[in-house]
Amino acid sequence: SIATNSTMSLLLDGYNHACQQLGVSPNESVACAIAAVKDHRLSLRGKGSLRPRLPGALLDDAQLQPLAQALKDDSTVFFVDLSYNRITSNGCQMLADALQTNRSVISLNLAFNDFDGTGGDVIAHILQVDTALQTLNLSGNKLGSVGLLAIAGALQTNTTLRSLELDDTDMDLSSLIALVTVLSAGTCQIQTLSINRPLLRTEQGEGSVHLADLISRNQTICKLSIAKHKLTDTGLERICNALKRNTTITWLNIASNQITRDGAGYLANVLVQRPDFEFLDLSNNTIEDEGVERMHNALVQSHMKGLFVPYNGITRRGIVKLAETVSLTPSLTSLRVWGNPGLSGSTSDDAACAKMAAVIDRSKTSLPDFVDLDIRAYEVDGIVKLAAIQ
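Scope of this entry: the structure provided in the associated data block. Along every chain, residues carry numbers that run from 1 in the direction the sequence is written. Confidence filtering applies because this is a predicted model: local features only for residues at pLDDT of at least 70, side-chain atom pairs given and counted only at 80 or more, and all residues used for totals across whole chains, interfaces and linings. The side-chain values count all of the structure's non-hydrogen atoms but skip hydrogen atoms and water molecules.

1. Examining the overall build of the protein chain
So, point 1. Tallying secondary structure elements over the protein chain gives 13 helices and 14 strands in all.
So, point 2. Its C-alpha atoms give the protein chain principal-axis dimensions of roughly 70 × 50 × 35 Å.
So, point 3. Seen as two clouds, the 33 positive and the 40 negative side-chain charges of the protein chain have centres 4 Å apart. Elements are defined by DSSP. Helices are runs of H or I of four residues or more, strands are runs of E of two residues or more, and each kind is numbered from the N terminus. Lys and Arg are tallied as positive, Asp and Glu as negative. Neither His nor the chain termini are counted. Taken as the charge location is NZ of Lys, CZ of Arg, CG of Asp or CD of Glu.

2. Focus: the environment of Leu59
So, point 1. Tracing the backbone through its elements, the reader meets Leu59 in the loop between β1 (41–43) and α3 (61–71).
So, point 2. On the accessibility criterion, Leu59 (0% relative accessible area) is buried.
So, point 3. C-alpha of Leu59 to C-alpha of Val30: the two residues are 29 residues apart in sequence and 8.7 Å apart in space. The buried label applies to any residue whose accessible area, calculated with a 1.4 Å probe on protein chains only, is under 20% of its type's maximum; exposed applies above 50%, and partly exposed to all values in between.

3. Here we look at unusual backbone geometry
Trans peptide bonds make up most of the peptide bonds, and negative phi angles are found at most residues other than glycine.
So, point 1. Non-glycine residue Asp39 carries a positive phi angle of around 55 degrees.
So, point 2. Along the chain, Asp39 turns up in the loop between α2 (28–35) and β1.
So, point 3. Taking the relative accessible area as the measure of exposure, Asp39 reaches 55% and is therefore exposed.
So, point 4. The backbone phi angle of Asp170 is positive, close to 60 degrees, even though this residue is not glycine.
So, point 5. Of note, Asp170 is situated in the loop between β5 (163–165) and α7 (173–183).
So, point 6. Since its relative accessible area comes to 25%, Asp170 is described here as partly exposed.

4. Focus on the side chain of Ser344
So, point 1. Relative to the helices and strands, Ser344 resides in the loop between β11 (334–336) and α13 (350–360).
So, point 2. Looking at Ser344, the relative accessible area reads 10%, which means it is buried.
So, point 3. Whenever a nitrogen or oxygen atom comes within 3.5 Å of another N or O atom, the pair is scored as a polar contact, on the condition that within protein one atom can donate a hydrogen and the other can accept it, and that pairs from neighbouring residues in sequence are kept only if both atoms are in side chains. Separated by 3.4 Å, the side chain of Ser344 and the backbone nitrogen of Gly339 make a polar contact.
So, point 4. At 2.9 Å, the side chain of Ser344 forms a polar contact with the backbone oxygen of Asn340.
So, point 5. Throughout, a contact is declared for two residues whenever any of their heavy atoms are within 4.5 Å. Apart from the residues within four sequence positions on either side, Ser344 is in contact with Trp338 and Gly339.

5. As for the pairing of strand β13 (residues 375–380)
So, point 1. A pair of strands counts as paired when DSSP detects no fewer than two bridges linking them. As defined by bridge partners, β13 adjoins strand β14 (residues 383–388) across six bridges and the pair is classed as antiparallel. Its bridge partner being in β14, Ala377 is matched across the sheet by Leu386.

6. Details of the environment of Ser25
So, point 1. When you line up the elements, Ser25 lands in the loop between α1 (10–22) and α2.
So, point 2. Exposure remark for Ser25: the relative accessible area of 65% places this residue in the exposed category.
So, point 3. Separated by 41 residues in sequence, Ser25 and Pro66 have C-alpha atoms that sit 9.8 Å apart.

7. Some thoughts on the pattern of salt bridges
So, point 1. Salt-bridge detection follows one rule: a side-chain nitrogen of Lys or Arg within 4 Å of a carboxyl oxygen of Asp or Glu. Tallied over the entire structure, the rule returns 15 salt bridges.
So, point 2. Taking the shortest distance from any N to any O, the salt bridge between Glu293 and Arg317 comes out at 2.7 Å. Remark: Arg317 occurs in helix α12 (residues 316–327) and Glu293 occurs in helix α11 (residues 288–300); sequence separation between them is 24 residues.
So, point 3. According to the relative accessible area criterion, Arg317 is partly exposed, its value standing at 46%.
So, point 4. Put simply, Asp372 and Arg336 hold a salt bridge, and the shortest N to O gap is 2.9 Å.

8. Describing α12
So, point 1. Spanning twelve residues, α12 covers 17 Å between terminal C-alpha atoms, matching the ideal 16 Å at 1.5 Å per step.
So, point 2. When we look at burial in α12, the residues that qualify are Gly318, Ile319, Leu322, Ala323, Thr325 and Val326. Each buried residue of α12 sits inside an arc of 160 degrees when the element is viewed along its axis, so together they form one side.
So, point 3. At its buried positions, α12 is contacted by α11, β10 (306–308), β11 and α13. Helix span, expected: 1.5 Å multiplied by one less than the number of residues in the helix. To obtain the arc, one takes the directions from the helix axis to the C-beta atoms.

9. Side note on the sheet that holds strand β3 (residues 107–109)
Sheet strands pair via backbone hydrogen bonds, and the direction of the pair is either parallel or antiparallel.
So, point 1. With parallel pairing, the twelve strands of this open sheet are ordered in space as β1-β2-β3-β4-β5-β6-β7-β8-β9-β10-β11-β12. Edge positions in the sheet fall to β1 and β12 (372–373), since each has one partner strand and no second.
So, point 2. Judged from the three bridges that link them, strand β6 (residues 192–194) and strand β7 (residues 223–225) form a sheet pairing that is parallel. Paired with Ser194 across the two strands is Ser225, which belongs to β7.

10. Here's the deal with the packing of α11 against α12
So, point 1. Running from N to C, α11 and α12 point in directions that differ by 10 degrees, and their axes come no closer than 9 Å. Taken together, the axes of α11 and α12 are roughly parallel relative to one another. Touching Asp289, Glu290, Val292, Glu293, His296, Leu299 and Val300 of α11 are Arg317, Gly318, Lys321, Leu322, Glu324 and Thr325, all from α12.
So, point 2. Only Asp, Glu, Lys and Arg are considered charged, only Ala, Val, Leu, Ile, Met, Phe, Trp, Tyr, Cys and Pro nonpolar, and every remaining residue, Gly among them, polar. Here the contact of α11 with α12 is built from residues that sort into four nonpolar, three polar and six charged. Fitting a line to C-alpha atoms yields each axis, with helices limited to the stretch in contact; the angle taken between N-to-C directions then spans 0 to 180 degrees. By the definition adopted for this analysis, an angle is roughly parallel if under 35 degrees, roughly antiparallel if over 145, roughly perpendicular if from 65 to 115, and oblique otherwise.

11. Let's talk about the packing of aromatic side chains
So, point 1. Note on ring pairs: Phe, Tyr and Trp rings are taken, using the six-membered ring of Trp, and paired if centres are within 6.5 Å. Classes follow the plane angle, with under 30 degrees stacked, over 60 edge-to-face and the rest tilted. The final tally for this structure, using the stated rule, is three aromatic pairs.
So, point 2. Ring centres of Tyr84 and Phe112 lie 5.0 Å apart, and the angle between their planes is 10 degrees; this geometry places the pair in the stacked category. Taken together, the residues span a long stretch of sequence, with Tyr84 in the loop between β2 (79–81) and α4 (89–99) and Phe112 in the loop between β3 and α5 (117–129) at a distance of 28 residues.
So, point 3. Residues Phe279 and Phe308 carry aromatic rings whose centres are separated by 5.0 Å and whose planes lie at 80 degrees to one another, so their mutual orientation is edge-to-face. Linking Phe279 in strand β9 (residues 279–281) with Phe308 in strand β10, this pair joins segments that are 29 residues apart in sequence.
So, point 4. You can call Phe279 buried: its relative accessible area is 10%.
So, point 5. An aromatic cluster is built from Trp251, Phe279 and Phe308, whose rings are joined through pairwise contacts.
So, point 6. Two limits define a charge over a ring: the Lys NZ or Arg CZ must be within 6 Å of the ring centre, and within 35 degrees of the ring normal. Looking at Arg41, its charged tip hangs above the ring of Phe79, at a distance of 3.9 Å from the centre.

Next comes the structure, spelled out in structure tokens:
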């Protein structure tokens with residue numbers, strides 16, 4: 001087995017021992033990741049990710065088995081990232097067995113692996129017996145109605161989970177309704193919910209009816225992500241009416257929907273009544289210049305910290321107005337605007353670019369610097385241009 005010494009983690013000793021018991025050789029990538037644990041974080045993100053933390057390797061169930069066995073009695077790791085690997089439903093069972101005795105892992109990331117509804121059912125069992133787990137990411141696994149209904153069922157009694165990500169899990173309308181029903185009952189204490197890109201095969205906007213119901217009744221969710229829901233202005237109006245009654249949600253992601261200037265107007269009405277709103281992601285919609293103008297007054301009177309409006313068809317007029325909005329919103333420290341014709345590509349406007357460049361440069365002000373910004377300014381022959389920050 002890979003050698004250990006007194007300075008290496010107890011988990012590495014347990015992993016080598018499990019490999020010996022199972023009669024397999026330790027996986028070098030796994031052993032290196034265990035040895036590199038810092039701040040109680042074990043990162044085994046596979047090479048399927050665009051930013052892999054496990055170069056040149058993908059974990060399958062066989063490679064997961066000794067690690068899962070070692071985790072049973074471990075108390076050194078709190079955060080486990082196994083995303084972008086090849087873990088199937090059998091691997092989920094191995095992790096479930098480990099978490100029945102492990103009470104140290106509070107965060108589990110299984111995004112974009114290879115398990116289906118059967119795996120979802122296994123994960124549901126974890127939620128019923130594990131009182132430590134607070135953060136769970138299952139995005140990118142095709143759980144379907146079988147797995148998602150099982151998870152919704154488990155949430156009826158779970159009171160410890162605080163963050164749940166179910167993006168791109170083949171969520172149909174029945175699964176959405178079940179989830180809304182459970183989260184509206186008051187037992188579950190989830191504060192962050194992400195359900196992007198469901199499979200809602202209805203064009204009548206029925207999904208927005210249930211989302212509005214969730215927002216109206218739930219009083220624990222603070223961050224809600226509902227990107228790629230095919231939301232129209234009509235559906236957003238329902239959601240905005242619910243947001244006016246809600247007192248907890250201050251972070252909303254509605255990117256990649258079908259929202260226009262009318263939807264921007266509905267959002268402005270929410271911000272007038274809810275100046276405590278802190279983050280709004282409108283990326284990849286079509287609010288255009290008039291949408292920016294409709295939101296201006298509400299934004300400058302808010303405590304908004306993050307505003308994302310890239311790829312919204314905003315031209316010169318809208319960019320100039322947006323620059324004014326940013327200048328009058330000192331709380332704003334996260335801003336994304338790239339991809340709008342007024343400041344990028346062949347349609348960019350020099351005056352608009354100069355206005356935006358001026359407001360994102362806070363070096364000569366007492367305002368806090370931007371912590372999240374997707375553009376930078378540069379000059380060509382004395383003319384200010386903007387470029388995307390990758």
